[in-house]
Amino acid sequence: MITLLLVVFSMIVSLILTPIVIKISIKLDIMDKPNYRKVHTRPISVLGGTVILFSFMLGIWIGHPIEREIIPLIIGTIIMYLVGLIDDVYNLKPILKLLGQCLAALVVVYYGVTIDFIQLPFGIIHFGVLSVPITVFWIIAITNAINLIDGLDGLAAGVSTIAFMTIGFIAILQADIFIIMICSVMIGSLIGFLFYNFHPAKIFLGDSGSLQLGFIISFLSLLGFKNITFFSLFFPMVILAVPFIDTLFAMIRRAKKGQKIMQADKSHLHHKLLKLGYTHRQTVVLIYSIAILFSISSVILYLSQPWGVVMMLILILITIELIVEFTGLIDDNYRPFLRLLEKRHQKHED
């Protein structure tokens, strides 16, 4: 009952705040202007992160969690919001943006939320002093993965909602009240925000919003899978498969072309689907569907025995390969698996 109350309360707060923030954004001229890399054709409010932050903070105030972990979560979220907001307004240099993200991650480490060891089939590996850089890398990787998929109306917000629902469901299985509470607040905030953010969007998340979402997701995954086994390492990766796939293969694609790894381009998953002829809404809904598929897979992974986990991981890897080849995420000519299937189909017909 409390969970439902938090969802509804946060959603109402988000619904009320969003039009107010849009008006403030227009008055202050904090707008996302169209350019050659962007899909939208008119200036759009870019203060969505403000809506998410206030909805989150008010939801936390209502939930009143007593766990010590709420302190680094709030501090880190505010830091990520400020870094993103400054970037939205003044276009920060990548190194300064990264330093801000490191600061938020180090706050988490300071409060003792770290990845300490991994349990493998043949024993336990303790990370020792490496637990700090591993934890920082984990937070920054997930944060930027969410940030990079924020390219279409409602895309990052919707994928993040699916991720929070999945993490929340696993938290229910683990009876983790704190994670359930945070996920409930975020789900409500994002559902309310999506009323204005879905195509055609009246407001964007901006970096202030996408960095927040990525940080909170990374933080909750740390809590939920803190002392990880070899298999549980894959749960958050599968939950966030869509942004991870997009980020990983963007890096591979750029390295293959001799470009800088962090150089922006128009070859992300959503760009590729648009080029294949899908409409804006169809592309977003299709990516939602892929995210839901991977989220269901993550729950199956969580509930499976080790042999079942191996089978699921094989199926997931095959699915990822098919997505990469079908959309041309690496290169339009990279289709080894699909070509093999085509040859087998031709032989069968002959």
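Source: prediction; values computed, not measured.

A separate point is the overall build of the protein. Within the protein, the secondary structure is distributed over 14 helices and five strands. Taking the intrachain contacts of the protein between residues at least 6 apart in sequence as the baseline, contacts between residues at least 24 apart amount to 73%. With an accessible surface of roughly 16900 Å², the protein has 70% of that area assigned to carbon and sulfur atoms.

The description of an aromatic ring pair rests on the distance of the ring centres and on the angle between the ring planes. Throughout the structure, instances matching the rule amount to three aromatic pairs. Taking 6.3 Å as the distance between ring centres and 40° as the angle between the ring planes, the aromatic pair formed by Phe198 and Tyr288 counts as tilted. Taken together, the residues span a long stretch of sequence, with Phe198 in the loop between helix H7 (177-197) and helix H8 (206-224) and Tyr288 in helix H12 (residues 280-303) at a distance of 90 residues. Phe198 sits in the partly exposed class, given a relative accessible area of 23%. Measuring from ring centre to ring centre gives 6.2 Å for Phe215 and Phe219, while their planes differ by 35°; the resulting arrangement is tilted. Taken as a pair, Phe215 and Phe219 lie in helix H8 at a separation of four residues, close to a single helical turn.

So, about unusual backbone geometry. Cis rather than trans, the peptide bond between His199 and Pro200 has omega equal to -5°. If you trace the backbone, Pro200 turns up in the loop between H7 and H8. With a phi close to 50°, His64 is a non-glycine residue in the positive phi region. On the secondary structure map, His64 appears in the loop between helix H2 (48-63) and helix H3 (70-90). The class of His64 is exposed, set by a relative accessible area of 59%.

Let us look at a nonpolar patch on the surface. Where nonpolar side chains cluster on the molecular surface, the patch consists of Trp307, Val310, Met311, Ile314, Leu315, Ile318, Phe337 and Leu341 and spans about 770 Å² of accessible area. Going through the elements one at a time, helix H13 (306-327) and helix H14 (336-349) are the ones with two or more residues in the nonpolar patch. You can see Trp307 is positioned in helix H13. The class for Trp307 is exposed, based on a relative accessible area of 66%.

Before going further, it helps to examine the packing of H2 against H7. For the pair H2 and H7, the least separation of the axes is 9 Å and the interaxial angle reads 140°. By the criterion of interaxial angle, the relationship of H2 to H7 is oblique. The two elements H2 and H7 meet at a crossing, and its hand is right-handed. Contacts between H2 and H7 involve Gly48, Val51, Ile52, Ser55, Phe56, Gly59, Ile60 and Gly63 from the first element and Met181, Ile182, Val185, Met186, Ser189, Leu190 and Phe193 from the second.

This paragraph deals with the packing of helix H1 (residues 2-28) against H2. As a packed pair, H1 and H2 sit with axes 9 Å apart at the nearest point and diverge in direction by 150°. Note on packing geometry: the crossing formed by H1 with H2 is right-handed. Between H1, through Leu6, Phe9, Ser10, Val13, Ser14, Leu17, Thr18 and Val21, and H2, the contact on the second element is made entirely by Thr50, Val51, Phe54, Ser55, Leu58, Gly59, Ile62 and Gly63. When the residues that make up the contact of H1 with H2 are grouped by side-chain class, the tally is nine nonpolar, seven polar and no charged.

On to the nonpolar core. Ranked by size, the top nonpolar core spans 93 residues in total, and within it Leu73, Phe164, Ile182, Ile216, Leu220 and Phe294 carry the most contacts. Examining the composition of this core, we find that 12 residues originate from one element, H7, more than from any other. Excluding residues within four positions of it along the chain, Phe294 makes contact with Val238, Ala241, Val242, Ile245, Ile316, Thr319, Ile320 and Ile323.

What follows covers the UniProt feature "binding site: Mg(2+)" (unreviewed entry) in the protein. In the UniProt entry, the feature "binding site: Mg(2+)" (unreviewed entry) is given for Asn147 and Asp207. Considering the C-alpha atoms alone, the annotated residues occupy 61 residues of sequence yet fold into one spot, their largest mutual distance being 6.7 Å. Here Asn147 shows up in helix H5 (residues 131-148). The contact partners of Asn147, leaving out residues within four places of it in the chain, are Lys97, Asp207, Ser210 and Leu211.

Turning next to H3. The end-to-end C-alpha distance of H3 is 30 Å, a good match for the 30 Å that 21 residues give at a rise of 1.5 Å each. Listed as buried for H3 are Ile70, Pro72, Leu73, Gly76, Thr77, Ile79, Met80, Tyr81, Val83, Gly84, Leu85 and Asp87. Asn91 lies just past H3 and shows a positive phi near 60°.

Considering all chains together, one arrives at two salt bridges under this definition. When the shortest N-O distance is used, the salt bridge between Asp87 and Lys97 registers 3.3 Å. Note that Asp87 is positioned in helix H3 and Lys97 in helix H4 (residues 94-110), a separation of 10 residues in sequence. Neither residue differs from the other here; Asp87 and Lys97 are each classed as buried.

As a further point, take the environment of Leu99. Structurally, Leu99 is set in helix H4. Each C-alpha atom, one on Leu99 and one on Val83, is 9.3 Å from the other, the two residues being 16 residues apart in sequence.

Parameters at a glance
- Residues numbered from 1 in each chain as written.
- Predicted model: local features only at pLDDT ≥ 70, side-chain atom pairs only at ≥ 80, totals over all residues.
- Heavy atoms only, no water.
- Helix = DSSP H or I, 4+ residues; strand = E, 2+ residues; numbered from the N terminus.
- Contact = heavy atoms within 4.5 Å.
- Areas by Shrake-Rupley, 256 points an atom, 1.4 Å probe, with all protein chains shown as cover.
- Phe/Tyr/Trp six-rings, centres within 6.5 Å; stacked < 30°, edge-to-face > 60°.
- Buried < 20%, exposed > 50% of the residue type's maximum accessible area, 1.4 Å probe, protein only.
- Patch = residues over 30% accessible without salt bridge, like charges linked within 9 Å, V, L, I, M, F, W, Y side chains within 5 Å.
- Salt bridge = Lys/Arg side-chain N within 4 Å of Asp/Glu carboxyl O.
- Axes fitted to C-alpha atoms, helices over the stretch in contact; angles between N-to-C directions.
- Parallel < 35°, antiparallel > 145°, perpendicular 65-115°, else oblique.
- Left-handed = near helix turned anticlockwise from the far one by under 90°.
- Nonpolar A, V, L, I, M, F, W, Y, C, P; charged D, E, K, R; others polar.
- Core = buried A, V, L, I, M, F, W, Y, C linked by side-chain atoms within 4.5 Å.
- UniProt positions renumbered as here; feature names shortened; annotations may be inferred.
- Expected span 1.5 Å × (residues − 1).

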